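Residues per chain, in single letters:
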Amino acid sequence: MSIEFEGRDVAIQPGDTLASALYRDGVRVFSRSFKYHRPRGLYCLSGDCPNCLVTVDGEVNVRACMCAAKDGQKVSRQNAWPSVDRDALNVIDKFHPLMPVGFYYKAGIKPKFAWPMAEGVIRRVAGLGFSDKNDAPQDIDRINRHPDVLVIGAGVAGLSAAIAAADAGKRVMVIDEGSEPGLRVAAGPTKDAINGLAATAAANANIELNPGTSAIGIYEGPMVLAITAEQTLHIHPTNIVIASGGMEMHRIFVSNDLPGIFMGRGAARLAGAQGVKVGDTAVVWAETQEAVEHAKTLAASGTTVAAVVTGPGVDASGVGNRQIAGEIVEAKGRKKLSGVVVKTSGGSTEEIACDILACGAEIQQNMHLPRLAYDLPCVLAGDAAIPGTTLDEAAKQGTEAGAAAAAGLPLYVNPPASQPRKCGTAGYVCLCEDVSVKEVEQAIDEGFESAELLKRYTTVTMGPCQGRLCADQLRAIAERKTPAEAARVSAPTTLRPPVRPIRIEQAAAGARHHIERHTPLHQKHLEMGASTLWAGPWKRIFSYGDMQAEYEAVRHRVGVIDVGTLGKFLLAGPDVVEFLERIYPMRVADLEPGKLRYGLMLEEGGVIIDDGTVCALEGGAFYCTVTTSGAERLESWMLDWREAWGLDVFVVNQTASLAAVNVAGPHARDLLEKLCDDPIDKESFPYLRHRRITVNGVSCLAIRLGFVGELAYELHFPAANAVEMWDAILEAGKEWDIKPFGLDAQRLLRLEKGHIIISQDTDFETTPWKVSMDWAVKLDKPDFVGKAALIRAQRRTPRETLVPWQMEPGMATPAEGSIVTVGGNLNGRVTSSKMSYVLGHPVGLAWVTTEFAKAGGTISIGGAPASIGDHAFYDPEGVKLRA
Amino acid sequence: MSHFHIKTPFGLRPVSEFSYGGEVRPPLAPDAPDEEAIDHLWLRANIAGVQKERWFHSSGTRRWYTIVRDTRTNIVLAQPGEEYTEGSA
Ligand code: FES
């Protein structure tokens with residue numbers, strides 16, 4: 001098994017991460033730093049530093065130490081030219097003085113013309129990796145989970161907590177970043193303890209272990225956002241135990257960024273957990289007793305431990321060739337570590353040759369998650385709670401935390417008492433952005449004192465590590481410089497999710513969980529070769545392939561369209577008339593059973609939001625239709641008003657339970673008479689009436705409407721009968737060469753009649769006045785939604801008016817959205833435009849400044865003259881639809 | 001990414017199932033003076049604090065619910081049907 005690394009094969013072993021495999025193969029420089037292109041090697045091995053970002057199979061900025069090695073992966077380093085090993089851009093390192101702190105703010109401000117040039121160069125050499133623009137985003141699922149207790153971190157404390165909570169009868173979910181619990185822990189008592197607890201947890205039916213799952217944010221609720229390779233999880237626990245552990249502090253000394261310098265746990269991970277010989281000669285800096293174990297782990301893997309440099313109270317007797325009480329003050333070497341300078345507690349300095357330095361610094365808690373959880377039901381456990389916790393203490397804390405979480409105790413995370421911070425006087429504070437102690441001090445001298453300002457000015461904490469290494473050090477330097485104002489300057493900077501880098505597609509998880517609604521006839525349409533388009537949540541039929549043929553059928557013979565997507569509502573109840581009188585701006589109370597009326601729907605501002613029909617049924621109920629895209633919204637809208645007015649009315653949404661088709665064309669009646677015995681002639685069933693008739697053996701509510709401008713019957717009937725009905729209509733229509741028609745044809749048919757489509761021809765400020773629909777508004781009604789705004793809008797002439805227009809035959813059809821001009825001045829825009837087959841010239845609708853919106857007037861559309869019509873160009877008297 | 005739960009006849013449901021319906025506001029009297037009408041139509045209080053508001057359970061019971069929520073913390077201070085008195089919760 002192997003990976004392909006920059007053109008050569010590198011063998012991998014079971015349990016390898018990319019970092020361990022590459023390191024074993026001899027790779028020492030993993031990246032070049034962001035600003036000065038200094039060589040950088042593995043450092044933390046826990047995903048907390050910027051040093052091991054590589055490109056894997058085209059994905060940039062993957063942390064090599066967190067990515068399990070898989071056979072065949074293509075891995076390359078980034079951010080260097082011509083290569084990471086020989087980076088020509090490293091010359092920038094020689095020009096430190098030219099790139100002072102606050103460089104971005106200072107450079108190029110004077111002279112002004114220089115900045116665009118400088119920006120071009122910076123853009124080329126800066127940045128981390130090149131993303132593949134052709135990369136097809138992966139669909140990530142979003143999953144909701146609802147455990148009783150969520151435990152973050154499967155270490156000793158976390159697993160103990162999970163077991164305690166599960167024993168108390170709770171359903172527990174444990175998540176951990178590693179592909180298995182304790183993955184990164186070297187063999188030893190801790191590893192044994194984790195293995196034992198993991199086995200116990202795995203055997204407990206109440207515990208679900210989720211390895212390979214990173215918590216990236218905690219939100220109110222509480223809700224924890226977590227990611228795996230394939231999913232984004234929204235976890236909604238009742239209580240959370242955060243056992244995300246701690247990490248060693250980043251230690252600052254001269255050249256503290258050289259390859260060969262590791263965090264203590266990092267070196268131990270590489271040597272102990274992944275069986276890599278880290279180096280020939282190591283110096284271990286042991287500020288904690290735990291770090292003495294790291295020295296042993298290194299020695300066991302074949303690295304000579306030349307010296308253990310111990311901090312106060314640490315006992316390293318018998319470990320390593322020498323034990324020196326003191327601290328590291330400088331690292332030697334140019335491209336990699338060659339030695340360290342130790343300042344002994346006696347005050348003398350001494351240089352020790354080595355190629356590895358493991359900095360087992362004081363443990364600081366991982367506060368990223370706890371700080372996001374502030375004020376939420378959350379418990380901390382393990383060495384997150386007390387730095388340097390022993391195994392037994394971690395287990396005890398975990399058990400207590402788990403029991404507390406199970407009991408639902410209102411324990412909240414308290415920010416830990418701040419400890420005195422220790423910080424070196426020279427070296428890199430920030431590995432991500434190459435910021436030195438000197439530069440931070442200089443920024444403070446320039447007046448940037450508070451942590452928030454320092455952060456923005458120096459960019460410390462703003463790089464890929466997001467402050468994991470540097471935030472505390474930044475505050476320490478600020479405190480040291482201005483001790484009198486320590487409290488003010490060292491307030492922690494605001495922390496925001498994600499606490500781990502995530503891919504955009506993970507953030508967008510679930511964005512493509514579309515609801516796609518089909519009418520019961522959808523499959524029928526597809527079989528007939530129909531093309532579809534989105535209309536709200538619906539997939540509607542655009543055309544069956546020949547729009548003109550569909551159109552001609554309706555105008556001259558007969559056609560049928562599936563209008564099952566219309567919003568369909570049955571309204572009933574003692575207050576239904578009162579309710580509809582207030583919902584619609586027109587009159588409803590005088591509508592007799594069997595009659596219907598066109599109705600606008602307005603929002604409170606008087607703007608048209610929908611239109612449809614209202615049918616008065618026998619027995620006092622009403623049947624209302626609204627547009628396809630409006631159904632969802634208008635249901636909640638009507639229910640909202642019902643409660644606001646306290647009216648007793650039922651609103652039954654029949655959109656899905658009823659199918660609807662519209663049979664239209666001069667032969668529509670002839671066709672239906674073949675399928676129906678009820679009288680549907682002009683006298684017994686005139687225009688703007690509805691009847692219950694039986695068609696093809698199915699009881700339908702038939703409505704006579706004229707949207708397309710021909711004799712038409714709209715049939716509403718149970719969805720279960722849709723397919724039979726459709727087939728029967730097509731069969732019966734054969735003698736007139738019936739055609740099913742789609743939206744494309746329907747849009748032309750209605751345009752010839754000057755009928756508007758809400759939201760295509762109207763916008764967010766269209767009142768009925770603007771579309772000349774005064775007839776659809778009865779301002780003398782006591783009240784209706786939108787009245788208050790309309791009576792005020794009525795006081796002035798609307799700025800623009802929607803008008804129908806037509807052009808001379810032979811003129812090109814202007815595009816929808818074209819500009820309207822009058823006398824060379826901009827005067828409006830076209831909302832609908834099509835070539836009319838029956839009239840032989842383009843027709844459409846346009847917004848025109850009211851002053852010029854007079855029937856018979858001339859406007860110019862894209863330079864071509866067009867004349868404004870009255871309302872309908874086709875059958876203006878409406879003889880055909882009343883037939 | 002706000003997250004909280006709203007009580008329905010079918011238990012506490014996550015807010016992701018609901019759509020926001022805005023602040024609860026007194027209805028506009030038909031004869032209200034212009035000032036008042038304009039305020040009502042075009043302005044919202046947009047409170048940073050305790051707010052009474054409406055939610056429609058669009059992916060569930062398809063009913064409206066009125067809750068009291070602190071917009072700064074997203075803590076629900078009164079679920080539907082509960083009385084909210086200042087300082088409670
Ligand atoms: S070594 Fe991989 S993130 Fe630090």
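1. Some points on the overall build of chain B
Helix and strand counts for chain B come out as one helix and six strands. Counting helices and strands in the order they occur from the N terminus, chain B gives β-β-β-α-β-β-β. With respect to the three principal axes, the spread of C-alpha positions in chain B is 45 × 30 × 25 Å. Both charge centroids of chain B, one from 10 positive and one from 12 negative side chains, sit 12 Å from each other.

2. As for the state of the cysteines
Residue and element names in this part refer to chain A. Within the structure shown, the criterion is met by zero disulfides over all chains. Cys430 carries a free sulfur, and the closest cysteine sulfur to it, the one in Cys470, is 4.6 Å from it. Distance from the sulfur of Cys470, which forms no disulfide, to the nearest cysteine sulfur (Cys465) is 4.0 Å.

3. Overview of the domain arrangement of chain A
Residues and elements named next belong to chain A. Assigned domains of chain A: these are domain 1 (2–125), domain 2 (141–247 + 365–407), domain 3 (250–361), domain 4 (428–500) and domain 5 (797–883). The partner domain 4 presents six residues to the seven residues of domain 3 that form the contact. Here domain 3 and domain 4 share an interface that buries about 610 Å² over both sides, 61% of which is from carbon and sulfur atoms. In terms of surface lost to domain 4, no three residues of domain 3 exceed His250, Ile252 and Asp257, which account for 79% of the buried area on that side. Our count for the domain 3 to domain 4 interface comes out at zero salt bridges. Counting every contact that joins domain 3 to domain 4 gives four residue pairs in polar contact (both at pLDDT 80 or more). For the side of domain 3 that touches domain 4, the per-class residue count stands at three nonpolar, two polar and two charged.

4. Concerning the side chain of Asp472(A)
With respect to the element layout, Asp472(A) can be found in helix 12 (residues 471–481). Setting aside residues up to four positions removed in sequence, Asp472(A) forms contacts with Gln364(A) and Arg421(A).

5. What to know about the interface of chain B and chain A
Accessible area lost upon the coming together of the parts is a frequently used measure of interface size. At the interface, 19 residues of chain B touch 21 residues of chain A. Inspection of the chain B/chain A interface yields seven salt bridges. For Arg54(B), the salt bridge identified is with Asp640(A), shortest N-O distance 2.6 Å. Linking chain B to chain A there are 10 residue pairs in polar contact (both at pLDDT 80 or more). The element contributing the most residues to the side of chain B that touches chain A is helix 1 (residues 34–42) of chain B, with five residues. Grouping the amino acids of the side of chain B that touches chain A by side-chain chemistry returns 10 nonpolar, five polar and four charged.

6. Points about the nonpolar core
Residue and element names in this part refer to chain A. With 46 residues, the main nonpolar core has Ile261, Ile328, Val340, Leu357, Val429 and Val440 as its most contacted residues. With near-sequence residues (within four places) excluded, Ile328 lies in contact with Phe253, Val283, Trp285, Val309, Val340, Val341, Val342 and Leu357. With 42 residues, the next largest nonpolar core counts Leu22, Val27, Leu45 and Val284 among its residues.

7. Observations concerning the sheet that holds strand 20 (residues 323–332) of chain A
Residue and element names in this part refer to chain A. Spatially, 17-23-18-19-20-21-22 is the arrangement adopted by the seven strands of the open sheet, whose pairing is mixed. The strands lining the two open edges of the sheet, one partner per strand, are strand 17 (261–263) and strand 22 (349–353). On average, each strand axis in the sheet is tilted by 35 degrees relative to the strand beside it, whichever way the strands run. As paired strands, strand 18 (residues 281–286) and strand 19 (residues 304–310) are joined by six bridges and run parallel to one another. Each bridged residue has a counterpart across the sheet, and for Trp285 the counterpart in strand 19 is Val309. Along the sheet face, helix 6 (residues 264–273) touches strand 17 and strand 23 (356–360) and points at about 95 degrees away from the line of strand 17. The strands that helix 7 (residues 289–300) touches are strand 18, strand 19 and strand 23; relative to strand 18, the one it contacts most, it runs at about 165 degrees.

What counts as what
Within every chain, residues take consecutive numbers counted from 1 along the sequence as written. The lettering of chains begins at A and the numbering of ligands begins at 1, in the order of writing. Two thresholds apply to this predicted model, a pLDDT of at least 70 for residue-level local features and 80 or more for giving and counting side-chain atom pairs, whereas whole-chain, interface and lining totals are computed over all residues. Note: side-chain values were computed over all heavy atoms of the structure, leaving out hydrogens and water. Here a strand is any run of E in DSSP of at least two residues, a helix any run of H or I of at least four, and the numbering for each starts at the N terminus. Working convention for charge: Lys and Arg count positive, Asp and Glu count negative, and His plus the chain ends are omitted. Where a charge sits is defined by one atom per residue type, namely NZ (Lys), CZ (Arg), CG (Asp) or CD (Glu). To count as a disulfide, a pair of cysteine sulfur atoms needs to be within 2.5 Å. For every domain, the bounds stem from an assignment made automatically or drawn from a database. Throughout, a contact is declared for two residues whenever any of their heavy atoms are within 4.5 Å. As used here, buried area is the combined drop in accessible area, with a 1.4 Å probe, of two parts when they are placed together. Any carboxyl oxygen of Asp or Glu that lies within 4 Å of a side-chain nitrogen of Lys or Arg is treated as forming a salt bridge with it. N or O atoms within 3.5 Å of each other form a polar contact, as long as, within protein, one can give a hydrogen and the other can take it, and as long as residues adjacent in sequence are counted only when both atoms are side-chain atoms. Three classes are used, and their members are as follows: Ala, Val, Leu, Ile, Met, Phe, Trp, Tyr, Cys and Pro are nonpolar, Asp, Glu, Lys and Arg are charged, and the others, Gly among them, are polar. Among buried residues, the Ala, Val, Leu, Ile, Met, Phe, Trp, Tyr and Cys ones that are joined through side-chain atoms within 4.5 Å form a nonpolar core. Categorising residues by exposure relies on relative accessible area from a 1.4 Å probe, with only protein chains included: less than 20% of the type maximum marks a residue as buried, more than 50% marks it as exposed, and the intermediate range marks it as partly exposed. At least two bridges found by DSSP between two strands are what make those strands a pair. Interaxial angle, 0 to 180 degrees, is taken between N-to-C directions of lines fitted to C-alpha atoms, where a helix line uses only the stretch in contact.

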